[in-house]
Amino acid sequence: MNKKTILAHKVVYITIVLMILFLPKMSAQNSLEELLDQYNNESIPYISVETLKSIQNQVLLLDAREKKEYDISHIKHAKFVGYTDFKMDTVTAQNTPKDTKIVVYCSLGIRSEDISEKLKKAGYINVYNLYGGIFEWKNKDFPVMNSEEETTEEVHAFSEEWGKWLTKGEKIYSN
């Protein structure tokens, strides 16, 4: 091989290495809006954390995360309904009127849309998805509670990948 061919091979090799290193970062979401657009179909209207804070005592607040997440941190007065093992009975057993204002949240607002859709299919007509979930709630310095109903700085961050969206509080990861 001549020098020109060797140089061309080196350029191709370096280009491939750089693409492998940086392509995943370039395709990652740069904003919460992009992330939610990627995973949600917006079949349920969003409610902002600021709006929820102002009406918190006037809504049925449902936590659509797993029990270990809820136990580490949840929004005050939120009822645990879960995600993987969600059962409509957790809502219907409380004789919740179909027009009750219900706000569902999870870590970011992805799982909560799924649970909200189930509520909507069951006839609940006033269901909202918390935009940015408990992460956005904590990022705005609103308090979260632990399993003892005491204010805590700990927030279950779900995973390293999703935890990047939690910018305040102490990130907790568990299996």
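Residues numbered from 1 in each chain as written. Predicted model: local features only at pLDDT ≥ 70, side-chain atom pairs only at ≥ 80, totals over all residues. Heavy atoms only, no water.

*Asks:* Pulling in residues and values, what's your account of the sheet that holds strand 5 (residues 127–130)?
*Replies:* In space, the 5 strands of this open sheet follow the order 1-5-4-2-3, with parallel pairing throughout. Two strands bound the open sheet, and with one partner strand each, they are strand 1 (46–47) and strand 3 (79–80). Direction of pairing for strand 4 (residues 102–105) relative to strand 5: parallel, over a ladder of 3 bridges. Bridge pairing in strand 5 places Val-104 opposite Asn-129. (Pairing = 2+ DSSP bridges. Helix = DSSP H or I, 4+ residues; strand = E, 2+ residues; numbered from the N terminus.)

*Asks:* How would you sum up the pairing of strand 2 (residues 60–63)? Please name residues and give values.
*Replies:* Neither face of strand 2 is open: one carries Leu-60 and Leu-62, the other Leu-61 and Asp-63, and all of them are buried. The sheet contact formed by strand 2 and strand 4 spans 4 bridges and is parallel. Each bridged residue has a counterpart across the sheet, and for Leu-61 the counterpart in strand 4 is Val-103. Note that strand 2 and strand 3 share 2 bridges and pair parallel. Among the inter-strand pairings, Asp-63 is bridged to a residue of strand 3, identified as Phe-80. (Buried < 20%, exposed > 50% of the residue type's maximum accessible area, 1.4 Å probe, protein only.)

*Asks:* Can you tell me about the nonpolar core, naming the residues and giving the values?
*Replies:* Counting 27 residues, the largest nonpolar core has Leu-130 and Phe-135 as the members making the most contacts within it. Where this core is concerned, the elements lending two or more residues are helix 2 (32–39), helix 3 (49–55), strand 4 and helix 7 (133–139). The next biggest cluster of nonpolar side chains, apart from the first, holds 13 residues, and it includes Ile-44, Val-81, Phe-86 and Ile-115. (Core = buried A, V, L, I, M, F, W, Y, C linked by side-chain atoms within 4.5 Å.)

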